[in-house]
Amino acid sequence: MLELNCKQKSIKMIFTHTWNNETVFHEAYVPEGTFFNVAIREVTEGGDPVEDFVDYDPFHGASDDQLTKICDDIYDYLLLAALGK
C-alpha cells in the first residue's frame, strides 16, 4: 500500500495585477489542509484589507474571464510554493 505524506507550508503573499486597466493588489494563501482552493482578498498597496477573504476554486473560476486568469495565476503560484516546489 502506497502512502503519500505531503507537508504543506503556510504561505501568504500579496500579488499585483492589472484588472479593468487598474492596478489591483490581492493577498492570498492556500488554506491549511487543502490544496484545491485558495483564499483571496483585495488589499491596498500597503496591504490593508479592502474586502474579506473569499475562497477561489479553480474548477469553477471567477465571475469573469480576466478575474479568473488573475486568480488562476495566484492559485498556481501558491500551490507550487505550498508543495515546496
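In case you missed it, the structure is sitting above this.
Conventions used here
- Residues numbered from 1 in each chain as written.
- Predicted model: local features only at pLDDT ≥ 70, side-chain atom pairs only at ≥ 80, totals over all residues.
- Heavy atoms only, no water.
- Salt bridge = Lys/Arg side-chain N within 4 Å of Asp/Glu carboxyl O.
- Helix = DSSP H or I, 4+ residues; strand = E, 2+ residues; numbered from the N terminus.
- Buried < 20%, exposed > 50% of the residue type's maximum accessible area, 1.4 Å probe, protein only.
- 1 Å grid on protein atoms, 1.4 Å probe; cavity = no way out; pocket = protein on both sides within 12 Å on 5 of 7 lines; lining within 4 Å.
- Points joined across faces, edges and corners; volume = space filled by probe spheres on them.
- Expected span 1.5 Å × (residues − 1).
- Arc of directions from axis to C-beta.
- Contact = heavy atoms within 4.5 Å.
- Polar contact = N/O pair within 3.5 Å; in protein donor to acceptor, adjacent residues only side chain to side chain.

J.: Is there a simple way to think about the pattern of salt bridges in this case?
T.: Opposite charge on two side chains permits pairing when their charged atoms draw close. A full pass over the atoms with the stated rule returns 2 salt bridges. In this structure, Arg41 and Glu27 form a salt bridge, with 2.8 Å as the shortest nitrogen-oxygen distance. Pair noted here: Arg41 is in strand 3 (residues 38–43) and Glu27 is in strand 2 (residues 22–29), with a separation of 14 residues, a long-range link. The two residues Arg41 and Glu27 agree in class, both being buried. Among the ionic pairs, Lys69 bridges to Asp73, the shortest N-O distance being 2.8 Å. You can see Lys69 and its partner Asp73 sitting in helix 1 (residues 65–82), 4 residues apart, about one turn around the helix.

J.: Honestly, the layout of surface pockets in this entry has me stumped. Any pointers?
T.: Empty space left among the atoms is revealed by rolling a probe the size of a water molecule over them. In this model, the largest pocket occupies a volume close to 210 Å³. In terms of lining residues, the largest pocket is bounded by Trp19, Val24, His26, Ile40, Arg41, Glu42, Glu51, Val54, Asp55, Tyr56, Leu67 and Cys71. Residue assignment for the lining of the largest pocket shows that the elements contributing at least two residues are strand 2, strand 3, strand 4 (54–56) and helix 1.

J.: Teacher, can you tell me more about helix 1 here?
T.: Since the α-helix turns once every 3.6 residues, residues separated by three or four places project in the same direction. When the terminal C-alpha atoms of helix 1 are compared, their 25 Å separation across 18 residues agrees well with the 26 Å that a helix rising 1.5 Å per residue should span. Residues Leu67, Thr68, Ile70, Cys71, Ile74, Tyr75, Leu78, Leu79, Ala81 and Ala82 constitute the buried set of helix 1. Taken around the axis of helix 1, the buried residues stretch over an arc of 160°, which confines them to a single face. Looking at the buried side of helix 1, the elements it contacts are strand 1 (12–19), strand 2, strand 3 and strand 4. The distance from a side-chain oxygen at the start of helix 1 to the backbone nitrogen of Gln66 is 3.0 Å, and the residue carrying that oxygen is Asp64. Gly84 lies just past helix 1 and shows a positive phi near 80°.

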